[in-house]
Amino acid sequence: MSGWDAYIALLTGRSPAIKRAAIIGTDGSVWTRTADANAFRASEAELKKFAALFKDINSVPSTGADLEDVHFIVPRTEENLIFGKKDKSGFFAAKIKTAIIIAIYEGENEVTASVRTGILIVM
């Protein structure tokens, strides 16, 4: 297990709602991702486009974001955080100095607090 895999294990262990996760470079390159039954399935092209969202984070709520062939609405962003929602699933993505941490979750709105906490701990 690489050092980045340990971060994914920490993240997914923080909330049972987190089903898939990845750590990518700010250029969209994959550093690590969940695998097997919970494989993070975003394509390379999707991740490059997704990483670019952080260059103009304030415009993201008007356009939304795409991951794993799903278009998510983005009700809010913060300085280095994007929150996306689609039905009973969603994602939190946080940009740190050289990487972006993405956690895709499933569940009602109540689970978002534990997912966000997981992201912030890994940051």
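Placed above this text is the structure.
Model, not experiment: these values are computed from the prediction.

S.K.: Just checking my understanding: could you explain helix H2 (residues 44-52) for this structure?
M.R.: Each α-helix winds once per 3.6 residues, and so residues spaced three or four apart point in a common direction. Every buried residue of H2 is accounted for by Glu-46, Leu-47, Phe-50 and Ala-51. Projected onto a plane normal to the axis of H2, the buried residues spread over an arc of 130° and lie on a single side. Those residues of H2 that are exposed and angled more than 90 degrees off the buried face are Glu-44, Ala-45 and Lys-49. Buried residues along H2 sit against strand E1 (18-25), strand E2 (30-33), strand E3 (65-67), strand E4 (70-78), strand E6 (89-95) and strand E7 (99-106).

S.K.: In this structure, what is going on with the packing of aromatic side chains? I would like to understand it.
M.R.: A ring pair, where both rings are aromatic, is described by two values, the distance of the centres and the angle of the planes. Applying the stated criterion across every chain, the model contains seven aromatic pairs. A ring pair is formed by Phe-50 and Phe-91, whose centres lie 5.5 Å apart and whose planes are at 70°; its orientation type is edge-to-face. Residue Phe-50 is located in helix H2, and its partner Phe-91 is located in strand E6; the two are separated by 41 residues in the primary sequence. Accessibility classification places Phe-50 together with Phe-91 in one group, the buried group.

S.K.: In this structure, what is going on with unusual backbone geometry? I would like to understand it.
M.R.: Among all residues except glycine, the phi angle is most often negative; among peptide bonds, the trans geometry is most common. Located in the positive-phi region is Asp-36, a residue other than glycine, with phi close to 60°. Within the fold, Asp-36 resides in the loop between E2 and H2. Look at Asp-87: it is not a glycine, yet its phi comes out positive at around 55°. Mapped onto the elements of the fold, Asp-87 is located in the loop between strand E5 (81-86) and E6. Judged by its relative accessible area of 66%, Asp-87 is exposed.

S.K.: Would you mind showing me how to read the pattern of salt bridges here?
M.R.: Close approach of charged atoms allows side chains of opposite charge to pair. On inspection of all chains with the given rule, the structure shows three salt bridges. Put simply, Arg-20 and Glu-68 hold a salt bridge, and the shortest N to O gap is 2.9 Å. Taken as a pair, Arg-20 in strand E1 and Glu-68 in the loop between E3 and E4 lie far apart in primary sequence, 48 residues in all. Like Arg-20, the residue Glu-68 is buried in the burial classification.

Calculation rules
- Think of each chain on its own: its residues are numbered from 1, step by step along the sequence as written.
- For this predicted model, a pLDDT threshold of at least 70 governs which residues receive local features, and a threshold of 80 or more governs which side-chain atom pairs are given and counted, while totals over whole chains, interfaces and linings are taken from all residues.
- To obtain the side-chain values, all non-hydrogen atoms of the structure were used and water was disregarded.
- With a 1.4 Å probe rolled over the protein chains alone, any residue whose accessible area is under 20% of its type maximum counts as buried; one over 50% counts as exposed, and the rest are partly exposed.
- Helix and strand definitions here come from DSSP, where helices need a minimum of 4 consecutive H or I residues and strands a minimum of 2 consecutive E residues; each element is numbered from the N-terminal end.
- Of all possible arcs, the one meant is that of the directions from the helix axis to the C-beta atoms.
- Only heavy atoms enter the contact rule, under which two residues are in contact if any of them lie within 4.5 Å.
- The criterion for an aromatic pair is that two Phe, Tyr or Trp rings (for Trp, the six-membered ring) have centres within 6.5 Å, with stacked assigned to planes under 30 degrees apart, edge-to-face to planes over 60 apart and tilted to the rest.
- Here, a salt bridge means any side-chain nitrogen of Lys or Arg that lies within 4 Å of a carboxyl oxygen of Asp or Glu.

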